[in-house]
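# Structural overview
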Amino acid sequence: MAGETESFIDKVEEKFHDHNSDSDSYSDSDDDHKKRPPKFASKANTVYRLFGRDRPVHKVLGGGKPADILLWRNKRCTGVALGAGTALWIFFELMQYHLITLVCHLMILSLAALFLWSNASVFIHKSPLQIPHIAVPQECVLEAASVLRVEINQMFTVLREIGTGRDIKKFLTVVAGLWVISVIGSWFNFLTLFYLFYLSLFTLPLVYEKHEDQVDALAEKAMIEIKKQYAVLDAKVLSQIPIAGFKKD
């Protein structure tokens, strides 16, 4: 009888132990389930990027060698391009040399050198220069004309929308942009303004790529503030102007 009692107690203890181990395993699995990220976790909010950019800066600039030059990834080619542009600006702006004059003088020197060498080769028993035949392929011209046609048509479409008075927001944007360009243009001549634009191609993309998070954050704050100010202007002024076909965003 005592042996049966002891065996019964042993069975109860084993069942109790098994129950505890099962509950521990369930609790462990629950903890793992809580720690495990959900299968369909929602993605983080999209980060604001300047001009709606959804690709890296290198891809936005076209990729390849031109983008490498603008982003200083090929420092030798970048230095040559920037140095050549700076030298031309100094040559034309500081030395007061004119572009048409330079082009004509270079063509005169080149043609004179080719002409003299071709005639002198007979007397010095040298083979004349083999001037290659240069021709512009028709495909390149048609492709360039097609791209240019699309851009020109898009510009005409924007100008037509502004001229018909259907989008006052775009009208104000274009007018403000032209006014800023006119003010900047009054400070510099065309050559210096073009050189500043050329110089910005080698500086602004590089600075933006290194500090894109900070720049995008500041740009987002600026866009929010601009939209607020435009909303106030729209509510107080623009909405009071009777314009046919006026549409609000």
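Please read these numbers as outputs of a predicted model, since none were measured by experiment.

Once that is clear, we can look at the confidence of the model for the chain. On average, the chain scores 75 in pLDDT, and the residues at 70 or more come to 77%. Within the model, the stretch residues 1-6 combines pLDDT values under 50 with zero contacts to residues more than four positions away or in other chains. Throughout residues 19-44 the model reports pLDDT below 50, and contacts reaching past four residues in sequence, or to other chains, amount to zero contacts.

Our focus in this paragraph is the packing of helix 6 (residues 138-163) against helix 7 (residues 168-187). At a minimum axis distance of 8 Å, the contact between helix 6 and helix 7 shows a crossing angle of 115 degrees. By the criterion of interaxial angle, the relationship of helix 6 to helix 7 is roughly perpendicular. The handedness of the crossing between helix 6 and helix 7 is left-handed. Only K170, F171 and V174 of helix 7 make contact with helix 6, whose side of the interface consists of V158, E161 and I162. When its residues are assigned to classes, the contact of helix 6 with helix 7 shows four nonpolar, no polar and two charged.

Our focus in this paragraph is the packing of aromatic side chains. Taken as a whole and judged by the stated rule, the model has four aromatic pairs. Ring geometry for F91 versus F92: centroids 5.8 Å apart, planes at 70 degrees, classification edge-to-face. A relative accessible area of 26% places F91 in the partly exposed class. Taking the centre distance of 5.1 Å and the plane angle of 65 degrees together, the rings of Y198 and F202 count as edge-to-face. A residue is classified by how much of its surface remains accessible, and F202, at 4% relative accessible area, is buried.

Reading the values: the criteria
Going along each chain's sequence as written, the residues are numbered from 1 onward. Side-chain atom pairs in this predicted model are given and counted only at pLDDT of 80 or more, local residue features only at pLDDT of at least 70, and totals for whole chains, interfaces and linings cover all residues. Note: side-chain values were computed over all heavy atoms of the structure, leaving out hydrogens and water. The quantity called pLDDT is the predictor's confidence in a given residue, expressed from 0 to 100. Note on contacts: a residue pair is in contact if any heavy atoms of the two residues lie within 4.5 Å. Helix axes are fitted to C-alpha atoms over the stretch in contact, other axes to C-alpha atoms as well, and angles between N-to-C directions run from 0 to 180 degrees. The helix and strand labels rest on DSSP assignments: H or I over at least four residues marks a helix, E over at least two residues marks a strand, and numbering proceeds from the N terminus. Our angle categories are set so that under 35 degrees counts as roughly parallel, over 145 as roughly antiparallel, 65 to 115 as roughly perpendicular, and the remainder as oblique. Two helices that cross are described as forming a left-handed crossing if the nearer one is turned anticlockwise from the farther one by less than a right angle, and a right-handed crossing if clockwise. Only Asp, Glu, Lys and Arg are considered charged, only Ala, Val, Leu, Ile, Met, Phe, Trp, Tyr, Cys and Pro nonpolar, and every remaining residue, Gly among them, polar. Pairing of aromatic side chains requires ring centres within 6.5 Å, counting the rings of Phe and Tyr and the six-membered ring of Trp. Pairs whose planes differ by under 30 degrees are stacked, by over 60 edge-to-face, and all others tilted. Each residue is placed in one exposure class: buried if its accessible area under a 1.4 Å probe, protein chains only, is under 20% of its type's maximum, exposed if it is over 50%, and partly exposed if it falls in between.

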